[in-house]
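Survey of secondary and tertiary structure
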Amino acid sequence: MAINGGLRIANSNSPFVVSLFSTKASCLRVSAAVRVVSSLSSMASYDKELAAAKKAASLAARLCQKVQKALLQSDVQSKSDKSPVTIADYGSQALVSFVLEKELSSEPFSLVAEEDSEDLRKDDSQEIVGRITELVNNTLANDGSYNVSTLSREDVLRAIDSGKSEGGPQGQHWVLDPIDGTKGFVRGDQYAIALALLDEGKVVLGVLACPNLPLASIASGGQHSSNSEIGCLFFAKVGAGTYMQSLDSSSNSSSPVKVQVSAIENPVEASFFESYEAAHSLHDLSSSIAKKLGVKAPPVRIDSQAKYGALSKGDGAIYLRFPHKGYREKIWDHAAGSIVVTEAGGVVTDAAGNPLDFSRGKYLDLDTGIIVTNQKLMPCLLKAVRESIEEKSSSL
């Protein structure tokens, strides 16, 4: 005698029962297959967006490279938070906005970005606006992909102001930092054009253009290695892995190569990245954590989300970021980098081990800081982080 959902069945081996269970199993298999197909279909639906993002970030990188080579003191303005903003910052945002809207013209467009045109609309900024407009037009003309008339100053300012979206948990939102690491850019060091796409509050693709990052490992030769080809483009799509290629389309390294985070399991052998600027992260806290882990190598200090790119290709094993009290992390500082690392097999969390939540608007409300590593090292890293934070708090 068998009982199924309250129904008494005299013979559970009867053809009816076997047929019933067989049909149910088939339905479950079909349902699972539909879910898989639906998931794959969803992933495939971002192909057009990823191609547009790679195009936009690459063009913006060309503009930035040109400006960095001929950086003039007058190119640097001062923002209210005292970080420098260059004509390349504004030009990069205008280009990315223009390319995304051109490539994805049939889709609703929402862009959460760092800059706006308020300062540029002041009377004493007209020369800079003219130079930004010229740079954007020259970059588009040299590329030759878009048969458009010359953009006016107002066209460029409107493109910059396309980045005023607040983001949030619903719909799709592009997230852009037009030059992440502006201080590194001004110094001639590392910076990145960081572009990601949110869908229902989740990061589904990310692109990092890192014009000064060597394609070869920086673990031994350093970030300024002269023997290596310079300029990396990282891109990742949810469920599809992370790839790296040269920013130079004519290079032999222009074909994408799949990358993976470091497989190091022993923290003593690990090296770690942290922010170049002490004002951006608590270096003393990072040092305490490294000491607890037994890390022997000195920290590698790099500006921008280039750290995420370097970590995704295994150049280091840990990235620690602990901003000073009162600082609120912005989503554009981590959205692209986080998916580039996670799709390469890494883990990105706050200091308590919680995943980053990009669905709450422009800011990341998180616990203390951000830690990034591989799956094997994360448990011991979280323990060292927790102990170091507790010790620091008790000493205050």
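Here the structure is a predicted model, which means the values were calculated and not measured.

Conventions we followed
Residues numbered from 1 in each chain as written. Predicted model: local features only at pLDDT ≥ 70, side-chain atom pairs only at ≥ 80, totals over all residues. Heavy atoms only, no water. pLDDT = per-residue confidence, 0-100. Contact = heavy atoms within 4.5 Å. Buried < 20%, exposed > 50% of the residue type's maximum accessible area, 1.4 Å probe, protein only. Helix = DSSP H or I, 4+ residues; strand = E, 2+ residues; numbered from the N terminus. Pairing = 2+ DSSP bridges. Salt bridge = Lys/Arg side-chain N within 4 Å of Asp/Glu carboxyl O. Axes fitted to C-alpha atoms, helices over the stretch in contact; angles between N-to-C directions. Parallel < 35°, antiparallel > 145°, perpendicular 65-115°, else oblique. Nonpolar A, V, L, I, M, F, W, Y, C, P; charged D, E, K, R; others polar. Polar contact = N/O pair within 3.5 Å; in protein donor to acceptor, adjacent residues only side chain to side chain. Arc of directions from axis to C-beta. Phe/Tyr/Trp six-rings, centres within 6.5 Å; stacked < 30°, edge-to-face > 60°. Lys NZ or Arg CZ within 6 Å of the ring centre and 35° of its normal. Core = buried A, V, L, I, M, F, W, Y, C linked by side-chain atoms within 4.5 Å.

Some points on the confidence of the model for the chain
On average, residues of the chain carry a pLDDT of 85, and 82% of them reach 70 or more. Confidence over residues 1-44 falls short of pLDDT 50; this stretch has 19 contacts with residues more than four positions distant or in other chains.

Overview of the pairing of strand 14 (residues 318-321)
Of the two faces of strand 14, the one holding Ile-318 and Leu-320 and the one holding Tyr-319 and Arg-321 are both buried throughout. Relative to strand 14, strand 12 (residues 272-275) runs parallel, the two sharing 2 bridges. Within the sheet, the bridge partner assigned to Phe-273 lies in strand 14 and is Tyr-319. Summarising the sheet, strand 14 and strand 18 (residues 370-374) pair through 3 bridges and their orientation is antiparallel. Within strand 18, the position partnered with Arg-321 by the bridge is Ile-370.

What to know about unusual backbone geometry
The phi angle at Glu-200 is positive, at roughly 55°, despite the residue not being glycine. Mapped onto the elements of the fold, Glu-200 is located in the loop between strand 7 (192-199) and strand 8 (202-214).

What about the pattern of salt bridges?
Enumeration according to the criterion identifies 22 salt bridges in this entry. Note that Glu-166 is salt-bridged to Lys-362, the shortest N-O span being 3.7 Å. Of the two residues, Glu-166 sits in the loop between helix 5 (153-160) and strand 6 (172-180) while Lys-362 sits in the loop between strand 16 (346-350) and strand 17 (363-364), which places them 196 residues apart along the sequence. On the basis of relative accessible area, Lys-362 is assigned to the partly exposed category, the value being 21%. Among the charged side chains, a network of salt bridges with common partners joins Arg-121, Glu-154, Asp-155, Arg-158, Asp-161 and Lys-164.

Re the packing of helix 3 (residues 87-103) against helix 5
Relative orientation of the contacting elements helix 3 and helix 5 amounts to 85°, with a least axis distance of 8 Å. In terms of orientation, helix 3 and helix 5 fall into the roughly perpendicular class. Contacts between helix 3 and helix 5 involve Tyr-90, Gln-93, Ala-94 and Ser-97 from the first element and Val-156, Ala-159 and Ile-160 from the second. Taken together, the residues of the contact of helix 3 with helix 5 break down into 5 nonpolar, 2 polar and no charged.

A few points about the side chain of Asp-315
Of note, Asp-315 is situated in the loop between helix 9 (306-312) and strand 14. Of note is the side chain of Asp-315, whose polar atom sits 3.3 Å from the side chain of Ser-217. Among all residues touching Asp-315, those that are not within four sequence positions of it are Ala-216, Ser-217, Ile-218, Ala-219, Ser-271, Phe-273 and Ala-310.

Observations concerning the pairing of strand 10 (residues 242-246)
With 4 of 5 residues buried, strand 10 lies mostly within the body of the structure. Both strand 10 and strand 11 (residues 257-259) contribute to a ladder of 3 bridges, which runs antiparallel. When the sheet's bridge partners are listed, Thr-242 is paired in strand 11 with Val-259.

Comments concerning helix 5
For helix 5, the set of buried residues is Val-156, Leu-157, Ala-159 and Ile-160. Buried residues along helix 5 cover an arc of 160° about the axis, so they all sit on one side. Where helix 5 is buried, its residues contact helix 3 and helix 4 (126-143).

Thoughts on the packing of aromatic side chains
Between two aromatic rings, the relevant description is the distance of the centres plus the angle of the planes. Counted under the stated rule, the structure contains 4 aromatic pairs. Consider the rings of Phe-185 and Tyr-191, whose centres lie 4.8 Å apart with planes at 90°: the pair is edge-to-face. Comparing Phe-185 with Tyr-191, the two get one shared label, buried. When the centroid spacing of 5.2 Å and the interplanar angle of 90° are considered together, the rings of Tyr-308 and Tyr-319 count as edge-to-face. Of the two residues, Tyr-308 sits in helix 9 while Tyr-319 sits in strand 14, which places them 11 residues apart along the sequence. Tyr-319 carries the same exposure label as Tyr-308, and that label is buried. Seen from the ring of Phe-235, Lys-54 lies directly overhead, with NZ or CZ sitting 3.8 Å from the centre.

Digging into the nonpolar core
Membership of the largest hydrophobic core comes to 53 residues, with the highest contact counts inside it found for Trp-174 and Ile-193. For this core, the element with the most residues is helix 2 (residues 47-69), which contributes 11 residues. If we ignore the near neighbours within four places in the chain, the residues touching Ile-193 are Ala-57, Ala-60, Ala-61, Cys-64, Ser-92, Leu-176, Asp-177, Pro-178, Val-207, Leu-208, Ala-209 and Pro-211.

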